[in-house]
Each structure stands twice: as C-alpha cells, then as structure tokens.
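As a plain string of letters, each chain reads:
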Amino acid sequence: MSIPSIPLAGVIGHPIAHSKSPRLHGHWLKRYGIPGHYIPMEVASNDLAHVLNILPKAGFRGVNVTIPHKEAVLDIADVISDRAALIGAANTLTFQSDGKLHADNTDGIGFIANLKHNAPDWDPAAGPAMVLGAGGASRAIVAALLHERVPAILLANRTRARADALKAHFGGKIEVIDWNNVPQRMDEAATLINTTSLGMAGKEELKLPLDGLRASTLVTDIVYTPLTTNLLATAHERGCPIVDGLGMLLHQAVPGFERWFGMTPDVDEDLRQVMLR
Ligand code: ATR
C-alpha cells in the first residue's frame, strides 16, 4: 500500500517575511485536518525559474507569488489564464499533473467576492465606479469591475500617465480624471474604491473631501491595516455602506487552496479573527 504524499504549497516573494498568506492557509489546513504545509519562501528574481522548476519535484502542488515576481512569472508559465493575461500579472501558480505550470490571477475575483459577501445588495451595474490609483492592484480591480459589467469607470491617479496607460489597455469604459478633480466628480460614483496605499498604517493619509459622496455609494478600500481606514470611517459617518479590505486578501486565497489541497475553504469571522491577531 502506498502512503499518500503530503501536499505542499507556499508563497514566493522577496522580501517574504511580512506575508500573511502562511497564517491564512495554515489556519485552513489545521481547521480541515489536512496533513499539508504552506511555506513562505524568500526567492530572488534570478532564481525564480529554477525554483519553480524544482518545487513540483519536491512535492509542491503550487505556490502564490508576490512582489516582485507577479509579472515575471508570466514569462515562465506554460498556461496563463485569461484574467492573468489581461491583468499582466499572476498571484496563483499550480503545478499541473501534465508537468505544465499554470498561472492565474485571483486578486480581482477576491475583490469582487469580498464585496458580494459583505454587501450582498451591491450591484456593480447600478452606476459608475470611481477607482483611486493605477498600480498593480488597480489593474486587477479594473479588470474585475469590467467583467462584472460596471457601466463606466472614473479612474484617478496621482501620476496621470499610469491611469492613461490603464485606459489604453482596458478601453472605452474608462474615463481618466485628474487627481485634483476627484472631489468634484465624487457624486457620480455608485462604488468608490481606494486601490492606493494611502491610509495604510505608517503611510500618508488619503486626504479626500467626501462632501459629494452619495449615501447610497458603496465604499471600499484595499488597505486593511488599519481595518477601518479614515476613508471608510468618514464614508460610514455619511451613511454609506462600507466594506474593509481584509476580505479581499481572504477571498483571493480560496482558488489556490482549492486547487492545491482539494477542498473549498470557508471565509468566515473565525478566519478574520485569526488574521487580525
Ligand atoms: P500596488 O501593486 O499595491 O497597486 P503600486 O503599483 O506601487 O502598488 O501602486 C501604488 C498606488 O498608490 C499608485 O496608484 C500610486 O500612485 P502613483 O502611480 O502616482 O505612484 C498610489 N500612491 C502611492 N503613494 C501615493 C501618494 N502619496 N499620493 C497619491 N497616490 C499615491
């Protein structure tokens, strides 16, 4: 009788010490009694291809990738999901049984799942979304919003050229607006999303007058330290529904866990509390 192999997965980045993914997957492994492991791995860019070649031979089913490897893995992968190709970056890799390396990006579906989970009445098609920021996270979120059929995206970034580049990539539904014009256009937004790092503990605050915000506008932030950013607190005072950013981290991890460990894990209050410890 053969002994079943111990399923392994992990996260590759540089640096990697700050990653919360080991705690997240570790909690699920323990909760579901799966005899696997999820390991943080510090890998330099020069070693990325070599490490990804070796890992499946050591029992790994797949890995998450984070900064600075999210774009580079697309040059190494054999199969790239449509959404990873569209976003131009991947965060979830699977070593397929045919030996091929599959690359996917689950950031956008994590973002949408978080909103659907915590604001079940939210209708992406109800009106324009205003997106602040045009970095890597914004790319994934813009792609996901378009997939959910938002009628229009008002996109603002401190460095306007990056927002223009996103519009050139994703097309006509995006209107780039000047960072300084955000307050004046605020009343058009049915959904408001901060994808910048502003408001994160240790960073600058997002100083944005919210006077124009409608009370029906769903407001969300990808920053989750602190959990309730000033943006979310002010929006809440104005009567807006708010969703914090922790759920995006939790939900983006579900497809990887499913593929590597063979079951769909729950995202619930228990998990949130583990992550907040
Ligand atoms: P990520 O992958 O997390 O999106 P990123 O690609 O570095 O990280 O993008 C960070 C985002 O936060 C960008 O939209 C950035 O604006 P710029 O493109 O102008 O750099 C935004 N950001 C960071 N610091 C900012 C600040 N002080 N004011 C305004 N926007 C800021």
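Residues numbered from 1 in each chain as written. Predicted model: local features only at pLDDT ≥ 70, side-chain atom pairs only at ≥ 80, totals over all residues. Heavy atoms only, no water.

Caption draft 1: Highlighting the pattern of salt bridges. Tallied over the entire structure, the rule returns twelve salt bridges. A salt bridge links arginine 31 to aspartate 270; the nearest nitrogen and oxygen atoms lie 3.7 Å apart. Of this pair, arginine 31 sits in helix α1 (residues 21-31) while aspartate 270 sits in helix α12 (residues 269-276), and the two are 239 residues apart along the sequence. The class of aspartate 270 is partly exposed, set by a relative accessible area of 46%. Note that glutamate 269 and arginine 272 form a salt bridge whose closest N and O atoms lie 3.7 Å from each other. Here arginine 272 and glutamate 269 lie together in helix α12, a separation of three residues that amounts to about one turn. A residue is classified by how much of its surface remains accessible, and glutamate 269, at 46% relative accessible area, is partly exposed. The buried category is assigned to arginine 272, whose relative accessible area is 17%. Three or more residues are tied together by salt bridges with common partners; here these are Arg31, Asp268 and Asp270. (Salt bridge = Lys/Arg side-chain N within 4 Å of Asp/Glu carboxyl O. Helix = DSSP H or I, 4+ residues; strand = E, 2+ residues; numbered from the N terminus. Buried < 20%, exposed > 50% of the residue type's maximum accessible area, 1.4 Å probe, protein only.)

Caption draft 2: Seen up close, the sheet that holds strand β10 (residues 191-194). The strand order across the open sheet formed by six strands is β9-β8-β7-β10-β11-β12, and the pairing between neighbours is parallel. In the strand order of this sheet, the two ends are held by β9 (174-178) and β12 (242-243), each with one partner. As paired strands, β10 and strand β11 (residues 218-221) are joined by four bridges and run parallel to one another. Each residue of the ladder has a partner; that of isoleucine 193, found in β11, is threonine 220. The strands touched by helix α9 (residues 230-237) are β10, β11 and β12; relative to β11, the strand with the most contacts, the crossing angle is about 165 degrees. (Pairing = 2+ DSSP bridges. Contact = heavy atoms within 4.5 Å. Axes fitted to C-alpha atoms, helices over the stretch in contact; angles between N-to-C directions.)

Caption draft 3: Highlighting the sheet that holds strand β6 (residues 101-104). Pairing within the open sheet is mixed, and its six strands lie in the order β2-β1-β3-β5-β6-β4. Strands with a single pairing partner mark the edges of an open sheet, and in this sheet they are β2 (37-42) and β4 (79-80). Here β4 runs beside β6; their pairing, made up of two bridges, is parallel. Its bridge partner being in β6, valine 79 is matched across the sheet by histidine 102. Together, β1 (8-13), β2 and β3 (60-65) form the strand contacts of α1, whose direction differs from that of β2 by roughly 165 degrees.

Caption draft 4: Seen up close, the packing of aromatic side chains. Scanning all chains against the criterion turns up three aromatic pairs. Between the aromatic rings of tryptophan 28 and phenylalanine 257, the centroid separation amounts to 5.2 Å while the plane-to-plane angle is 65 degrees, which identifies the pairing as edge-to-face. Here phenylalanine 257 lies in helix α11 (residues 254-261) and tryptophan 28 lies in helix α1, a separation of 229 residues in the sequence. In this structure, tryptophan 28 and phenylalanine 257 share a single accessibility class: buried. (Phe/Tyr/Trp six-rings, centres within 6.5 Å; stacked < 30°, edge-to-face > 60°.)

Everything listed here is a matter of coordinates, which is why it stays silent on function.
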